[in-house]
Amino acid sequence: MTVIVTGSSGLLGTALVGALRAEGSRVVRLVRRAPQSGDESFWNPAKGLLDPAALEGAEAVVHLAGAGIGDRRWTEEHKREVLRSRVEGTRTLASALAGLTAKPAVLLSGSAIGYYGDTGDREVDESGPSGEGFLPEVVRAWEAEAEPAAAAGIRTVRLRTGLVLSREGGMLPRILPVFKLGLGAPLGSGRQYWSWISVEDWVHAVRHILKNQEITGPVNLTAPEPVTNAGFTAALGRALHRPTMPLAVPGPVLRAAIGGFAQEGVLTGQRVIPRRLLDTGYTFRHIHLNEALPAVL
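Residues numbered from 1 in each chain as written. Predicted model: local features only at pLDDT ≥ 70, side-chain atom pairs only at ≥ 80, totals over all residues. Heavy atoms only, no water.

1. A short note on the sheet that holds strand S2 (residues 26-31)
Overall, mixed pairing links the eight strands, which are arranged S4-S3-S2-S1-S5-S6-S8-S12 in an open sheet. Both edges of this open sheet fall to strand S4 (49-50) and strand S12 (217-221), since each of them pairs with a single strand only. Sheet topology note: the strand S3 (residues 40-44)/S4 ladder contains two bridges and is antiparallel. Each residue of the ladder has a partner; that of Trp43, found in S4, is Leu50. Sheet contacts for helix H6 (residues 199-211): strand S5 (60-63), strand S6 (106-112), strand S8 (155-161) and S12; angle to S8, the most-contacted strand, approximately 165°. (Pairing = 2+ DSSP bridges. Helix = DSSP H or I, 4+ residues; strand = E, 2+ residues; numbered from the N terminus. Contact = heavy atoms within 4.5 Å. Axes fitted to C-alpha atoms, helices over the stretch in contact; angles between N-to-C directions.)

Structure, rendered in structure tokens:
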């Protein structure tokens, strides 16, 4: 098939484009710079610019573009950019798709399990309500902008992604040096749940969703066995054969170090179950963190 991909230079986009091409699909990447090859097309989501001709004839679209959430301190300016990049990009793309004569069969639009807010010990699946805070607000607005595509008859799926485990990017490479020194420690109470997924499973799950015409709406992209932060800390220490610190890093220290992201992105968590994937027969490559981390590392 021909697949349009935004955010193709990011961790997930890079992995997905490689997998799609390996199986014989043609990939067209929407980029915000001058195109450098025949498989690229320019777009400017901030200005609502996109060439509809680049979308014609595509069977599927995977939209992953958006400013990084946890890679910078949460200043008010950065928070506006996080929200704006997701809203403007999804609005521009969904509107263009809705206006096509030959529409793609499916749009997979990026989203996040931050939708659920802090769930404590409570398990949630895709039927769970949205939570409170900046991240739930962002995700609600982000997901709503894909609605024009759904209203136009395009099968639309919201990819609510959890913590992605990869050596190539995301959180893991940033914390590995600390753990290799034997200084890894739980954060805050350590009881907050971290719902994770290996990058391999994320790619396979997306390919499963692309091909399964029954899947629509929100889908949680997380492994079926979430762990607490303390459990994650212990598992990563074991995978690296390094000790971890017995004392947790206090919440106030984290807030002083990394600002608002500490509260919503680190000290609170979501105990998420991928009900939709399991119900449609997806088989996870990595279910348990103790098995996934050695494979990823």
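2. Here's the deal with the packing of aromatic side chains
Scanning all chains against the criterion turns up five aromatic pairs. Aromatic side chains Trp74 and Phe134 sit 5.1 Å apart centroid to centroid with 70° between the ring planes, which places their arrangement in the edge-to-face category. Residue Trp74 is found in the loop between S5 and helix H2 (76-98), and its partner Phe134 is found in helix H3 (residues 134-144); the two are separated by 60 residues along the sequence. Grouping residues by exposure puts Trp74 and Phe134 together as buried. With 5.2 Å between their ring centres and 90° between their planes, Tyr115 and Tyr116 make a pair best called edge-to-face. Per residue, the accessibility class of Tyr115 equals that of Tyr116, and both read buried. Taken together, the ring pairs connect Trp74, Phe134 and Phe261 into an aromatic cluster. Over the face of the ring belonging to Trp142 we find Arg86, whose NZ or CZ atom lies 4.8 Å from the ring centre. (Phe/Tyr/Trp six-rings, centres within 6.5 Å; stacked < 30°, edge-to-face > 60°. Buried < 20%, exposed > 50% of the residue type's maximum accessible area, 1.4 Å probe, protein only. Lys NZ or Arg CZ within 6 Å of the ring centre and 35° of its normal.)

3. Observations concerning the pattern of salt bridges
If you walk through the whole model with that rule in mind, you get 12 salt bridges. When the shortest N-O distance is used, the salt bridge between Arg207 and Glu23 registers 2.7 Å. Of this pair, Arg207 sits in helix H6 while Glu23 is found in the loop between helix H1 (11-22) and S2, placing the two residues 184 residues apart along the sequence. Arg271 is the salt-bridge partner of Glu123, the closest N and O atoms lying 4.0 Å from each other. One end of the pair, Glu123, is in strand S7 (residues 123-124); the other, Arg271, is in strand S14 (residues 271-272), with 148 residues separating them in the sequence. Since its relative accessible area comes to 22%, Arg271 is described here as partly exposed. (Salt bridge = Lys/Arg side-chain N within 4 Å of Asp/Glu carboxyl O.)

4. Quick look at the environment of Phe261
Along the chain, Phe261 falls in helix H9 (residues 260-267). In the structure, Phe261 is positioned 182 residues away from Lys79 in sequence and 9.9 Å away in space, judged by C-alpha atoms.

5. Structural notes on the nonpolar core
Judged by nonpolar contacts, the single largest core of 30 residues is most densely connected at Leu108, Leu159, Trp202, Ile209 and Leu221. Looking at this core, the elements that each hand over two or more residues are strand S1 (2-6), H1, S5, S6, S8, H6 and S12. In this view, Leu108 contacts Val61, Val62, His63, Val157, Leu159, Val206, Ile209 and Leu210; residues no more than four positions away in its chain are not counted. (Core = buried A, V, L, I, M, F, W, Y, C linked by side-chain atoms within 4.5 Å.)

6. Quick look at the environment of Gly251
Relative to the assigned elements, Gly251 resides in helix H8 (residues 251-258). Along the backbone, Gly251 and Arg238 are 13 residues apart, and their C-alpha atoms lie at a distance of 24 Å. Leaving out residues up to four positions away in the same chain, Gly251 has contacts with Gly188 and Leu267.

7. A look at the pairing of S3
Each regular strand shows side chains that alternate between the opposite faces of the sheet. Of all five residues in S3, four are buried; the element is thus mostly enclosed. Looking at chain direction, S2 and S3 are connected through three bridges and run parallel. Across the sheet, Leu30 pairs through a bridge with Ser41, a residue of S3. In this antiparallel pair of consecutive strands, S3 and S4, the connection spans four residues, and Gly48 shows a positive phi of 70°.

8. Some words on the environment of Leu64
Relative to the helices and strands, Leu64 is located in the loop between S5 and H2. A C-alpha to C-alpha distance of 20 Å links Leu64 and Glu23, two positions 41 residues apart in sequence.

9. Examining the side chain of Gln270
Relative to the elements of secondary structure, Gln270 occurs in the loop between H9 and S14. On the basis of relative accessibility, which here comes to 11%, the residue Gln270 falls in the buried class. Within the structure, Gln270 has its side chain in polar contact with the backbone oxygen of Gly117 (distance 2.9 Å). Excluding residues within four positions of it along the chain, Gln270 makes contact with Ile113, Gly114, Tyr116, Gly117, Asp118, Thr119, Tyr193, Trp194 and Ser195. (Polar contact = N/O pair within 3.5 Å; in protein donor to acceptor, adjacent residues only side chain to side chain.)

10. Focus: H6
The end-to-end C-alpha distance of H6 is 19 Å, a good match for the 18 Å that 13 residues give at a rise of 1.5 Å each. Every buried residue of H6 is listed here: Val199, Asp201, Trp202, Val203, Ala205, Val206, His208, Ile209 and Leu210. (Expected span 1.5 Å × (residues − 1).)

11. Brief notes about the packing of H2 against H3
Between H2 and H3, the least distance of the axes is 9 Å, while the angle of their chain directions is 15°. In terms of axis orientation, H2 runs roughly parallel to H3. As for how H2 packs across H3, the hand of that crossing is right-handed. Between H2 and H3, the contacting residues are Lys79, Val82, Leu83, Arg86, Val87 and Thr90 on the first element and Phe134, Val138, Ala141 and Trp142 on the second. Residue classes in the contact of H2 with H3 are distributed as seven nonpolar, one polar and two charged. (Parallel < 35°, antiparallel > 145°, perpendicular 65-115°, else oblique. Left-handed = near helix turned anticlockwise from the far one by under 90°. Nonpolar A, V, L, I, M, F, W, Y, C, P; charged D, E, K, R; others polar.)

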